[in-house]
Amino acid sequence: MDFGWTEEQRLWRRAVHDFAQNEIAPRVREIDTTERIPPEIIQGMAEMGLLAPVVGEEYGGAGADWTMAAIAAEELGRADISLAVPVLYLVEAAWGFIFYKYGTPELKEEILPKVTRGEAFLGIATTEPGGGSDILGACRTRAVREGDGWVFNGEKMFISGVRESLEWGGIHLMLARTDPDPEAGHRAFTFFAVPLKETEGITPTFFEDMGRMGISTGGFALQDVRLPAHHQVGELNRGFYHAMEGFSAARTLIGATCVGAAQAVLDMGIDHIRQREAFGRPLASFEGIQFPLADLYTELEGVRLITYKAAWTMDQKYKHDAATHYDIALAAAMAKLRAPLVGFEVMNEVANWFGAMAYTKELPVEMGIRGIRSYSIGAEGTVNIMRIIIARELLGQEFLPTAYERRKGE
Ligand SMILES: Cc1cc2nc3c(=O)[nH]c(=O)nc-3n(C[C@H](O)[C@H](O)[C@H](O)COP(=O)(O)OP(=O)(O)OC[C@H]3O[C@@H](n4cnc5c(N)ncnc54)[C@H](O)[C@@H]3O)c2cc1C
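Everything numeric here is computed off the predicted structure, so don't read it as measured data. (Residues numbered from 1 in each chain as written. Predicted model: local features only at pLDDT ≥ 70, side-chain atom pairs only at ≥ 80, totals over all residues. Heavy atoms only, no water.)

Novice: What's the story with the overall build of the chain in this structure? I'm lost.
Specialist: Assigned secondary structure in the chain consists of 13 helices and 10 strands. Relative to the 2.2 N^0.38 estimate, which gives 22 Å for 410 residues, the radius of gyration of the chain is 21 Å and therefore close to what a compact globule would have. With the C-alpha coordinates aligned to their principal axes, the bounding extent of the chain is approximately 80 × 50 × 40 Å. Every one of the 410 residues in the chain was classed for burial, and the buried ones make up 58%. For the chain, contacts bridging at least 24 residues in sequence account for 74% of all contacts bridging at least 6. Surface accessibility of the chain: about 17400 Å² in total, with carbon and sulfur atoms responsible for 53%. Put simply, the chain has 40 plus and 57 minus side-chain charges, and the middle of one group is 3 Å from the middle of the other. (Helix = DSSP H or I, 4+ residues; strand = E, 2+ residues; numbered from the N terminus. Rg over C-alpha atoms; globule rule 2.2 N^0.38 Å. Buried < 20%, exposed > 50% of the residue type's maximum accessible area, 1.4 Å probe, protein only. Contact = heavy atoms within 4.5 Å. Areas by Shrake-Rupley, 256 points an atom, 1.4 Å probe, with all protein chains shown as cover. Lys, Arg positive; Asp, Glu negative; His and termini not counted. Charge placed at Lys NZ, Arg CZ, Asp CG, Glu CD.)

Novice: How do you make sense of the site of the ligand when you look at a structure like this?
Specialist: Lining the immediate environment of the ligand, one finds 18 residues, of which Thr126, Thr127, Ser133, Phe158 and Thr382 sit closest. Separating an oxygen atom of the ligand from a backbone N or O atom of Gly132 is a distance of 2.8 Å. In this structure, an oxygen atom belonging to the ligand sits 2.8 Å away from a main-chain N or O atom of Ser160. Its free accessible area being 970 Å², the ligand has 66% of it covered by the protein chains. (Near = heavy atom within 4 Å. Polar contact = N/O pair within 3.5 Å; in protein donor to acceptor, adjacent residues only side chain to side chain.)

Novice: Just checking my understanding: could you explain the nonpolar core for this structure?
Specialist: Generally speaking, soluble globular proteins have nonpolar side chains that are buried together. Of all hydrophobic cores here, the largest spans 104 residues; its most connected members are Met45, Tyr89, Trp95, Phe99 and Leu173. With 17 residues, the top contributor of residues to this core is helix 9 (residues 239-275). Contacts of Tyr89, omitting those with residues within four sequence positions, involve Met45, Leu50, Pro53, Ala69, Ala72, Ala73, Leu76 and Leu253. Core analysis: the second largest hydrophobic core is formed by 16 residues, Ala176, Leu196, Val225 and Leu227 among them. (Core = buried A, V, L, I, M, F, W, Y, C linked by side-chain atoms within 4.5 Å.)

Novice: I keep staring at helix 3 (residues 39-48) and nothing clicks. Help me out?
Specialist: Note that an α-helix has 3.6 residues per turn; residues three or four places apart therefore point the same way. Those residues of helix 3 lying buried are Ile41, Ile42, Gly44, Met45 and Ala46. Buried-residue contacts for helix 3 involve helix 1 (7-24), helix 2 (28-34), helix 4 (66-79), helix 5 (84-102), helix 6 (105-116) and helix 8 (162-168). At the exit of helix 3 stands Gly49, carrying a positive phi of roughly 80 degrees.

Novice: Sorry, what's going on with the side chain of Lys317 here?
Specialist: Here Lys317 lies in helix 10 (residues 287-318). Buried charge without a salt bridge: Lys317, with Asp321 as the nearest opposite-charge side chain at an N-O distance of 5.3 Å. In contact with Lys317, not counting residues within four places along its chain, are Ala322, Ala323, Thr324, His325 and Ile328. (Salt bridge = Lys/Arg side-chain N within 4 Å of Asp/Glu carboxyl O.)

Novice: Can you help me understand the domain arrangement of the chain in this one?
Specialist: Often, the extent of an interface is quoted as the loss of accessible area on bringing the components together. According to the domain assignment, the chain contains domain 1 (7-121), domain 2 (122-233) and domain 3 (239-399). Centre-to-centre separation of domain 1 and domain 3, based on C-alpha positions: 20 Å. If you look at the interface, domain 1 gives 30 residues, while domain 3 gives 39 residues. Regarding the contact of domain 1 and domain 3, the summed buried area is about 2700 Å², with carbon and sulfur atoms giving 66% of it. Looking only at domain 1, the three residues that lose the most surface to domain 3 are Arg29, Trp66 and Ile81, adding up to 26% of its buried area. (Domains from an automatic or database assignment. Buried area = accessible area lost by both parts, 1.4 Å probe.)

Below, the structure written as structure tokens:
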């Protein structure tokens with residue numbers, strides 16, 4: 001067993017760290033207040049190979065593996081604790097991979113080079129007004145085959161990057177019901193690539209979020225939207241399974257980026273308690289400060305290990321064919337369960353150490369608290385859904401009749 005990095009991983013971390021600290025970290029407050037990621041940052045990310053990095057070089061991607069992708073996610077989280085830039089990064093990394101794996105060559109040639117150059121956005125749209133956790137019950141958006149294409153009606157909600165897609169162009173991978181038979185279960189859905197900007201019949205909606213302000217959250221209604229057949233992504237009626245694969249990738253990177261953001265805040269806290277005095281002594285000399293520091297550092301290190309184990313498991317699957325979908329789902333769910341919760345705990349405790357200053361916008365900690373909460377509330381699956389996935393792997397399907405039937409249809 002080796003807990004170190006290869007030379008390639010070490011150099012990659014250094015390169016992303018330097019870029020993120022120099023180009024992104026000084027602009028996080030600006031990103032939070034203007035609610036935009038500056039184009040220079042997107043351009044810099046493109047030049048670094050940080051846009052959809054797992055996509056192959058033939059489409060302008062970096063051909064990175066999941067460990068490299070997780071290293072970058074951690075460094076981006078460390079630099080932008082509001083998590084706006086990391087969200088853009090990891091949504092495109094995870095779902096860009098699914099599009100790269102399952103999209104039609106014709107559409108990939110049109111879309112992916114623009115995504116990797118930072119000229120188009122690539123997002124995911126599974127959630128609907130009826131809910132995000134229970135995809136089977138809540139996904140009502142219908143896709144009906146007509147002539148040589150598809151016609152869509154329905155609505156998606158709480159979708160990251162709707163404004164970006166409308167402004168820059170690009171696609172959202174959208175899950176739609178293609179088999180109306182209630183008995184079809186998980187085999188009733190198909191993925192489609194929907195370009196929000198150019199497509200007629202799309203009505204966007206927007207939410208005012210509490211955090212990660214630099215990337216938008218919205219939704220879109222589809223009324224008699226028509227798309228040609230080559231916009232189908234993956235096999236007919238296998239969309240649910242492709243979605244689960246993408247979620248495992250996204251959740252692994254979420255683990256890494258929450259670890260990075262929490263580490264950045266913890267480091268700020270350590271600097272502060274060493275120099276701030278109360279009762280004639282540095283705060284760091286009080287056990288009431290030291291003990292939570294020790295506990296939280298240990299928790300954070302545990303989450304970091306779980307997260308890199310998840311990235312390693314992804315590489316076992318995709319590079320070595322030595323892990324299954326269930327292995328990656330379990331590993332990623334553990335990372336996604338713990339990282340946002342531990343990250344939030346770290347930030348909340350460090351806020352105490354800063355006293356009143358932490359409750360102001362003079363300090364960045366409040367941006368971190370607002371941002372990281374998105375990942376325990378729900379983005380890419382709630383904490384309870386992570387628990388359901390983990391319990392399903394431990395107990396088997398018979399104890400979890402409402403979770404997806406893991407052995408059926410595989
Ligand atoms: C900032 C942000 C960005 C997002 N971006 C995207 C995006 O880009 N694309 C996209 O498709 N979606 C996105 N989402 C939506 C996200 O996937 C959903 O919020 C999430 O899946 C939960 O769905 P819901 O909000 O409808 O809550 P619900 O599914 O209604 O769940 C509500 C609560 O009930 C709990 N619950 C549900 N079922 C069970 C159960 N069986 N046992 C115990 N507890 C249960 C949940 O854990 C949750 O606490 C985003 C969400 C946020 C907050």
